[in-house]
Structures are given as structure tokens and as C-alpha cells.
2 protein chains.
Amino acid sequence: MTAPLPNLTKNQSLVFETLAEAGAPLSAYTILDQLREHGFRAPLQVYRALDKLLERGLIHRLESLNAFVACQHKHSHGHQGATVFVICGTCGDVNELHDQVINDQIMRRAVEQKFQVESAMVELRGRCSGCAD
Amino acid sequence: MTAPLPNLTKNQSLVFETLAEAGAPLSAYTILDQLREHGFRAPLQVYRALDKLLERGLIHRLESLNAFVACQHKHSHGHQGATVFVICGTCGDVNELHDQVINDQIMRRAVEQKFQVESAMVELRGRCSGCAD
DNA sequence: GTCGATATGTTATGACATTACATCATATTT
DNA sequence: AAATATGATGTAATGTCATAACATATCGAC
Ligand SMILES: [Zn+2]
Ligand SMILES: [Zn+2]
Ligand SMILES: [Zn+2]
Ligand SMILES: [Zn+2]
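Residues numbered from 1 in each chain as written. Chains lettered and ligands numbered in written order. Predicted model: local features only at pLDDT ≥ 70, side-chain atom pairs only at ≥ 80, totals over all residues. Heavy atoms only, no water.

The name given to chain A in an unreviewed UniProt entry is Transcriptional repressor, and the organism recorded there is Denitrobaculum tricleocarpae. For the record of chain A, the UniProt heading Sequence similarities (unreviewed entry) holds the text "Belongs to the Fur family." (UniProt positions renumbered as here; feature names shortened; annotations may be inferred.)

Enquirer: How should I be thinking about the protein's contact with DNA strand C in this particular structure?
Expert: Not every one of the 15 residues close to DNA strand C is listed here, only the nearest: Gln-45 and Arg-48 of chain A together with Tyr-29, Leu-44 and Arg-61 of chain B. For DNA strand C, the backbone makes up 44% of the atoms found within 4 Å of the protein, where backbone means sugar plus phosphate. Gln-45 of chain A is positioned with one of its side-chain polar atoms (N or O) 2.4 Å from a phosphate oxygen of DNA strand C. Take Arg-48 of chain A: an N or O atom from its side chain is 2.5 Å from a base nitrogen of DNA strand C. Where the surface near DNA strand C is concerned, the elements lending two or more residues are α1 (10–22) and α3 (43–55) of chain A together with α3 (43–55) of chain B. Across the surface near DNA strand C, the residue classes break down as five nonpolar, five polar and five charged. (Near = heavy atom within 4 Å. Polar contact = N/O pair within 3.5 Å; in protein donor to acceptor, adjacent residues only side chain to side chain. Helix = DSSP H or I, 4+ residues; strand = E, 2+ residues; numbered from the N terminus. Nonpolar A, V, L, I, M, F, W, Y, C, P; charged D, E, K, R; others polar.)

Enquirer: What should I look at first to understand the packing of α1 of chain A against helix α2 (residues 28–35) of chain A in this one?
Expert: Between two packed helices, what matters for the description is the angle formed by their axes and the separation of those axes. Residue and element names in this part refer to chain A. Direction vectors running N to C along α1 and α2 enclose 110°, while the axes themselves pass 10 Å from each other. With respect to α2, the element α1 is oriented roughly perpendicular. Of the residues in α2, those touching α1 at Leu-14, Val-15, Thr-18 and Leu-19 are Ile-31, Gln-34 and Leu-35. Looking at side-chain class alone, the contact of α1 with α2 contains five nonpolar, two polar and no charged residues. (Axes fitted to C-alpha atoms, helices over the stretch in contact; angles between N-to-C directions. Parallel < 35°, antiparallel > 145°, perpendicular 65-115°, else oblique. Contact = heavy atoms within 4.5 Å.)

Following this line, the structure appears as C-alpha cells:
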């Protein structure tokens, strides 16, 4: 029984659709450029929408790329625990995994140190099977 | 039998010492400011030194902070596998862990996808025991 | 309608990182 | 020693990512 999501605002929808249709990570400024024809003029319009979309878990931020990507979980179930991003440096393809073993171990180590985890980032850089040597 | 490390250059040493003495993450521009009295004038002097220190594993880059930190392994043994950084958002304290379970599982999942891992980053953000509510 | 909360528009600024080119130091070869 | 190659350094300019500050607009609760 989850509360129904309030609708996205116009700007939030535009930003989300841009990311969802790209199916790949985009920087905030790339999103801005793609939305200029829809009236976007300034970075803050993008960043504000991104912040709200992040809060709702509809998108993710890839820290190692300074870029954003639509969540690959179509049904918007909450993300419990760490998300693992597998990023090909050659073709730019990104895959999102959730791994219970990694998540459990992260939490085990955090508890050991009495560390309260607010967010966990796992990003793998390398080459996907299609780009292998 | 590891080959002896060639000595660091003057700039590399200055940057490394700055990070080692700070014992905390510093941005490239913070390092630059601290080294102005030693003749540093431009960001590139810092970034070039950081690149070399990263190559040798003497320092790490914290992707979620856009900052750099000296490796906490005093003996400069190679880092095999994922390094886990535990970062307190309140006091800024950073701890570096190496966890075989996390590393093994990352590699297991990568192999499943035929993904060749070049680097793996795990960063936990939250509150350390000293900063708990 | 008034008020409060949220969203938006706009300008300017701050923070992080690289490109391009010139110069200097050092090691190797001839 | 002179010539060459390699890596390090100095400097200016530029590019990329993100936020501060302030004004205006929209919408629902009362
Ligand atoms: Zn997701
Ligand atoms: Zn690829
Ligand atoms: Zn280390
Ligand atoms: Zn702390």
C-alpha cells in the first residue's frame, strides 16, 4: 500500500522524459540544451527538476560521470540498499543492478563501525562484453 | 619482489605531503591554495601531480566529493579490488576499507555480464559514530 | 480573498577540470 | 659534445558542472 505519487510538474516531466528517452546518462547541461526548444533557459531549471526526481528515486546520479540516468526499474519500487552501476567507458552503456550480498555486507561493515549509512554508491568502470578487446 | 618506486618529483611530493598531512579529503583548488607559498600558480600544476599519485596508488579520488585523499595504507601495497570509503557528512572524516566479500561479489557479478572491471568505487555517505544524533 | 507553500524564471557567481602551447630538465644515442 | 627523445613544468585561456540570490507565479487551505 504505497501512497499514490503526486504528479510531476511540467519541468520535472520534461527532464524525466529526456532522461528516459535517452536511455543513457546525460549531464545537466546536455538536458538543458535538449530542452531549450521547450523554453528552458538556465541550468537551475534542470537542477531543480533533477533534485525532485532524485528524491523520488525516479532517476539516479552517477557520481563518477557527473551525470544522471533514469532508473531502470520500470515499476518504481523503492530502492532498498545499494545500487550498483556498471559503466562501460567505451560505449557509455550503463546497467543498474541491485545485489543483496553487496548490500548486506556494506551494512554489516557500517554497523561494525557504528556508521549510519544515508546513501551508498557503487560504480564499476570498465568494458562491457560488446566492447571487449 | 617489487621494483623500487622512482622518487617523486618536487611537485608530486608537495601535493602528496599536503594530502598526507591533512589526513582528510582536499579539493584540487584547496591544495593549490596551500601550495601558493611554494610557488604553485595554476590548477594544472596540482592536477598533473594528482594524476601521477593516483597512478601509483598513493592517493585516491573520492568521486562523490570531487576531492582527493592520501591512501591510508601506509605500506603502499597494491590495492587489489574495490576500495570502500566511509565518509561522514558532518565532520568530514573518511575511512578506507578493503572488503573481500564485497570485492568477490562485485567480481562475480561482473563476470556474469562478461564485464571487464577497470576500477570499482564504493562510497558510503552518512554519519560516523562521533556525529550520531 | 489572504496566506503559506511550492514551483518557476533570470542573472550572476562559484567550483571543478582540461586544452594548448611554450619552456626546462634529464637521459640516451650518435 | 651535439643531437634527440622523454617527461616535467609554467602559464593563460577555456570548458564543464553546480549553486546563490532574488523576483515572480501558481495552487490549495482557510
Ligand atoms: Zn533505480
Ligand atoms: Zn561498451
Ligand atoms: Zn588506499
Ligand atoms: Zn563524523
